[in-house]
Amino acid sequence: MNVKNVNRRVALRGIGLGSLAGGMGLMGFPDKAAANNYQKATKALPPLKITNVKAIATQPHGIELIVVKVETSEPGLYGIGCATFRQRAHAVVTAIDKSLNDLCKGRDVDNIEDIWQSVYQSSYWRNGPVLNNALSGLDQALWDIKGKRANMPVYQLLGGKCRFAVDCYAHASGTSPEEVADSVQGYMDQGFRHVRIQMGGYGATQLLGGYGDDQTAVTPDFKKAGFGMPDDNYMDAVVYAKSVVDIFKTTRERCGEKVELLHDIHERVQPMEAINLIKKLEEYRPFFIEDPFSPENNRYFKLLRQHTTVPIAMGELFNSPHEWIDPMKDQMFDFIRIHISQIGGISPAMKVARLGEIFNVRTAWHGPGDVSPVGHAANAHIDLAVWNFGIQERVNFSDRVREIFPGAPYIENGYMHVNEVPGLGVDIDEKIAAKYPIQEVQLNSWTHLRKMDGTVIRP
Ligand code: GCO
Ligand code: MG
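Reference entry: report on the structure contained in this document.

Calculation rules
- Residues numbered from 1 in each chain as written.
- Chains lettered and ligands numbered in written order.
- Predicted model: local features only at pLDDT ≥ 70, side-chain atom pairs only at ≥ 80, totals over all residues.
- Heavy atoms only, no water.
- Phe/Tyr/Trp six-rings, centres within 6.5 Å; stacked < 30°, edge-to-face > 60°.
- Buried < 20%, exposed > 50% of the residue type's maximum accessible area, 1.4 Å probe, protein only.
- Helix = DSSP H or I, 4+ residues; strand = E, 2+ residues; numbered from the N terminus.
- Lys NZ or Arg CZ within 6 Å of the ring centre and 35° of its normal.
- Near = heavy atom within 4 Å.
- Polar contact = N/O pair within 3.5 Å; in protein donor to acceptor, adjacent residues only side chain to side chain.
- Areas by Shrake-Rupley, 256 points an atom, 1.4 Å probe, with all protein chains shown as cover.
- 1 Å grid on protein atoms, 1.4 Å probe; cavity = no way out; pocket = protein on both sides within 12 Å on 5 of 7 lines; lining within 4 Å.
- Sits in = over half its atoms within 2 Å of the grid points.
- Nonpolar A, V, L, I, M, F, W, Y, C, P; charged D, E, K, R; others polar.

Here's the deal with the packing of aromatic side chains
Under the counting rule described, the total for this entry stands at 14 aromatic pairs. Ring centres of Phe293 and Tyr300 lie 5.8 Å apart, and the angle between their planes is 50°; on these two criteria the pair is classed as tilted. Overall, the relative accessible area of 1% leaves Phe293 in the buried class. With a centroid separation of 6.1 Å and an interplanar angle of 55°, the aromatic rings of Phe318 and Phe333 are classed as tilted. Remark: Phe333 occurs in the loop between α12 (325-329) and β10 (335-336) and Phe318 occurs in the loop between β9 (312-314) and α12; sequence separation between them is 15 residues. One exposure class covers both Phe318 and Phe333, and it is buried. Here the aromatic residues Phe293, Tyr300, Phe301, Phe318, Trp324 and Phe333 are joined through ring pairs into a cluster of three or more. One residue, Arg193, lies across the ring of Tyr415, its end atom 4.1 Å from the ring centre. Across from the ring centre of Trp116, 5.4 Å away, lies the NZ or CZ of Lys351, which sits over that ring.

Looking at the site of ligand 1
By nearness alone, every residue bordering ligand 1 is listed as Gln87, Arg196, Asp264, His266, Glu290, Glu316, Arg337, His366, Pro368, Asp370, Glu393 and Trp446. A distance of 2.9 Å separates an oxygen atom of ligand 1 from a polar atom in the side chain of Asp264. Note that an oxygen atom of ligand 1 is positioned 2.5 Å from one of the side-chain N or O atoms of Asp370. Protein burial of ligand 1: of its 330 Å² of free accessible surface, 88% is covered by the chains. Given that more than half its atoms are within 2 Å of the pocket grid, ligand 1 belongs to the largest pocket. Its residues placed into classes, the shell around ligand 1 shows two nonpolar, three polar and seven charged.

Worth remembering: the numbers are spatial, not functional.
What follows is the structure, given as structure tokens:
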């Protein structure tokens, strides 16, 4: 038992009596005695100022990871947070180093919401992915520091645990429905109860000419015409939609009913194609279908809800809690798919999570490879603390990533566990991170997808 904490608790109890007496007017107003007791009881928490805010960008594998480090006036006390927006990594690094640092130096590190609101509104034009990601890294780092000062894991500051650990889903893939089903079985053997199934990427070779056919035969017309850029990919929406029905059918036949199956349409097909596809999947009981439409086509959700009751997850492209008001009050979504660094960190994510509880919408935070381990930890601390948790996407961190991010969450039997120490529980080894600098030129063809005639497809 930490003696300092016991003393603090005793002192705080004294304050309770003191303020009760004060509140009853026995000690006069303002209740200076109680206030003094508070100062005494929290003497271990001297006023703390932000002294430096910086970006740490590292690319241990193919993905640019961005972290904000907030240093304080207490030597050795700092916090870290995730600001990973891999498609515009350099822009986020600049926003952190050139704006956040100037905006935050000298501020009281304890006042997270005031700092969040001040920084969010200081750019006037707001609610964009670059500045929100920078703000998220700051916000998460401030929660990390507050947990360290309170000597508690962040989930305690959010209300404590609603569950013993965080149920996660794994990503199964393959070049044929049979391979996908085998991959699902492999994850079930590892203890996962939920598995997302995809037949490779959305422009994957096996989907070009139709899996099983001659997959190399397809050279899209736009490439023959020399249209677009060399690394642009082609996607055939009809072959893709058929593949989704086939992987659900084959997986259900081979893995049974117990496993929960998810799929991410990822806005890649026309809204009507997505609605028709989801209707065909009903008999296979998807746990959820993700991102059936791009945010620009949110109006189609009304029609989708009239045609099918398959649960829907949406929102990794949303930038602000305000985008959730109508879809929640109109019961358009079943799961909140927020990329937490995209909307500005733990503080706004908690606001959406609490709103979700009121409308019975559960969380399913975005947790792919382009979220850093400290971002995954932020996901998990919220997951532990909110009642309306749904499911958590997870990635398998490599040894190299774990070397850079000691204390990264770990998975056991399909459940994610956080490092049970004060704060978010993850650190960053800057020396090792510096061994893997992010690339100067950021080519990410993953979002460069076209139709046969060369029309760009929204990713
Ligand atoms: C998911 C996401 C990812 C994103 C990727 C974007 O559900 O995990 O859709 O696959 O597409 O994070 O960079
Ligand atoms: Mg997605």
